[in-house]
Amino acid sequence: MWQSYMNGLLVALGLIMAIGAQNAFVLAQSLRREHHLPVAALCVTCDALLVAAGVFGLATLLAQSPMLLSIARWGGAAFLLWYGSLALRRACSKQSLQQDEKQVVRSLRAVLLSALAVTLLNPHVYLDTVLLIGSLGAQQSVPGAYVVGAASASLLWFFTLAIGAAWLAPWLARPSTWRILDVLVATMMFSVAIQLIVSG
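Criteria and thresholds
Residues numbered from 1 in each chain as written. Predicted model: local features only at pLDDT ≥ 70, side-chain atom pairs only at ≥ 80, totals over all residues. Heavy atoms only, no water. Helix = DSSP H or I, 4+ residues; strand = E, 2+ residues; numbered from the N terminus. Buried < 20%, exposed > 50% of the residue type's maximum accessible area, 1.4 Å probe, protein only. Contact = heavy atoms within 4.5 Å. Areas by Shrake-Rupley, 256 points an atom, 1.4 Å probe, with all protein chains shown as cover. Axes fitted to C-alpha atoms, helices over the stretch in contact; angles between N-to-C directions. Parallel < 35°, antiparallel > 145°, perpendicular 65-115°, else oblique. Left-handed = near helix turned anticlockwise from the far one by under 90°. Nonpolar A, V, L, I, M, F, W, Y, C, P; charged D, E, K, R; others polar. UniProt positions renumbered as here; feature names shortened; annotations may be inferred. Patch = residues over 30% accessible without salt bridge, like charges linked within 9 Å, V, L, I, M, F, W, Y side chains within 5 Å. Salt bridge = Lys/Arg side-chain N within 4 Å of Asp/Glu carboxyl O. 1 Å grid on protein atoms, 1.4 Å probe; cavity = no way out; pocket = protein on both sides within 12 Å on 5 of 7 lines; lining within 4 Å. Points joined across faces, edges and corners; volume = space filled by probe spheres on them. Core = buried A, V, L, I, M, F, W, Y, C linked by side-chain atoms within 4.5 Å.

### Thoughts on the overall build of the protein chain
Consideration 1: Along its length, the protein chain carries 9 helices and 0 strands.
Consideration 2: By the burial criterion, 44% of the 200 residues in the protein chain qualify as buried.
Consideration 3: Partitioning the intrachain contacts of the protein chain with sequence separation of at least 6 by distance along the chain shows that 90% fall at a separation of at least 24.
Consideration 4: Working note: accessible area of the protein chain is about 10,200 Å², and carbon and sulfur atoms make up 71% of it.

And the structure:
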């Protein structure tokens, strides 16, 4: 059980830590202190539901078809290698997230609707949570523990980002910080990809 939990935690952490539309939105809201905690809670909830749908929906299909299991394994490995390569490429470029100081304060409803749009209209969310994390979770000995691990990763990341962003704003704006983060993400992605390839 704990192995499945840790697998879910590490895989999900590696994927959600990469700079993307959702993380940039949460970080921007946190830097402005504009409904940042409800936004983080919404992101955690969406991630947990999508991962659960992926794990339990794909688990039945994969159990019935060794061919689908093989496709999920090799497809997941290829995606992880590609994702890790993108993270390495970002690490080699100059980047930082800038706070928009002139942003007008919006209502909670408007902010949450924006967060939903950023989360659910982004195709990468479905690739990451439903297809990749879900297909890996369907292969675990205890899929439920894997889902809880992935949800824990989302909870830890988004609330750490939301609560710590204002305090760490000057540090987070440094391109070197995001380069280090992307190198770590690439290392995690390559590690999981190699495990999948070896297990095949």
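### Brief notes about the side chain of Asp47
Consideration 1: Its location among the elements puts Asp47 in helix H3 (residues 36–64).
Consideration 2: Under the relative-accessibility criterion, Asp47 is labelled buried at 6%.
Consideration 3: Setting aside residues up to four positions removed in sequence, Asp47 forms contacts with Ile16, Gln22, Thr129, Ser154 and Phe158.

### Section: the packing of helix H1 (residues 2–16) against helix H7 (residues 143–164)
Consideration 1: For the pair H1 and H7, the least separation of the axes is 7 Å and the interaxial angle reads 40 degrees. Here H1 lies oblique to H7, going by the angle between them. The chirality of how H1 crosses H7 is right-handed. Residues Ser4, Tyr5, Asn7, Gly8, Leu9, Val11, Ala12, Leu13 and Ile16 of H1 form the contact with H7, whose own contacting residues are Ala145, Tyr146, Val148, Gly149, Ala150, Ser152, Ala153, Ser154, Leu156 and Trp157.
Consideration 2: By residue class, the composition of the contact of H1 with H7 is 13 nonpolar, 6 polar and no charged.

### Here's the deal with the UniProt feature "transmembrane region" (unreviewed entry) in the protein chain
Consideration 1: Per the UniProt record, "transmembrane region" (unreviewed entry) is annotated on residues 6–27, 39–62, 68–88, 108–126, 146–168 and 180–198.
Consideration 2: End-to-end, the C-alpha atoms of residues 68–88 are 30 Å apart, and along that stretch the chain is 100% helix and 0% strand.
Consideration 3: Between the C-alpha atoms that bound residues 180–198 the distance is 27 Å, and the span itself is 100% helix and 0% strand.

### Notes on a nonpolar patch on the surface
Consideration 1: A cluster of nonpolar side chains, contributed by Met67, Leu68 and Ile71, occupies part of the molecular surface with about 300 Å² of accessible area.
Consideration 2: When you line up the elements, Leu68 lands in helix H4 (residues 66–91).
Consideration 3: Under the relative-accessibility criterion, Leu68 is labelled partly exposed at 35%.

### Section: unusual backbone geometry
Residues other than glycine predominantly adopt negative phi, and peptide bonds predominantly adopt the trans conformation.
Consideration 1: Backbone geometry at His35 places phi at a positive 55 degrees, although glycine is not the residue there.
Consideration 2: Residue placement: His35 occurs in the loop between helix H2 (21–32) and H3.

### Looking at the layout of surface pockets
Consideration 1: The space that makes up the largest pocket amounts to roughly 390 Å³.
Consideration 2: Together, 14 residues line the largest pocket, and Asn7, Gln140, Val192, Gln195 and Leu196 are the ones closest to its centre.
Consideration 3: For the lining of the largest pocket, the secondary-structure elements that each account for two or more residues are H1 and helix H9 (175–199).
Consideration 4: Per-element accounting of the lining of the largest pocket gives the leading share, 6 residues, to H9.

### Re empty space enclosed by the protein
Picture a little ball the size of a water molecule; that probe, rolled over the atoms, points out where space is still empty.
Consideration 1: Tallied over the entire structure, the rule returns 1 cavity of 30 Å³ or more.
Consideration 2: In this structure, the largest cavity occupies an estimated 50 Å³ of space.
Consideration 3: Around the largest cavity, the lining residues are Ala12, Ile16, Asp47, Ala48, Val51, Thr129, Ile133, Ala150, Ala151 and Ser154.
Consideration 4: Those elements that place two or more of their residues in the lining of the largest cavity are H1, H3, helix H6 (123–138) and H7.
Consideration 5: Residue classes in the lining of the largest cavity are distributed as 7 nonpolar, 2 polar and 1 charged.

### Side note on the nonpolar core
Most often, soluble globular proteins keep nonpolar side chains buried together rather than apart.
Consideration 1: Ile133 and Trp157 are the most contacted members of the largest nonpolar core, which totals 49 residues.
Consideration 2: Looking at this core, the elements that each hand over two or more residues are H1, H2, H3, H4, helix H5 (108–120), H6, H7 and H9.
Consideration 3: The greatest single-element share of this core, amounting to 9 residues, is contributed by H7.
Consideration 4: Among all residues touching Trp157, those that are not within four sequence positions of it are Leu13, Ile16, Met17, Asn23 and Leu181.

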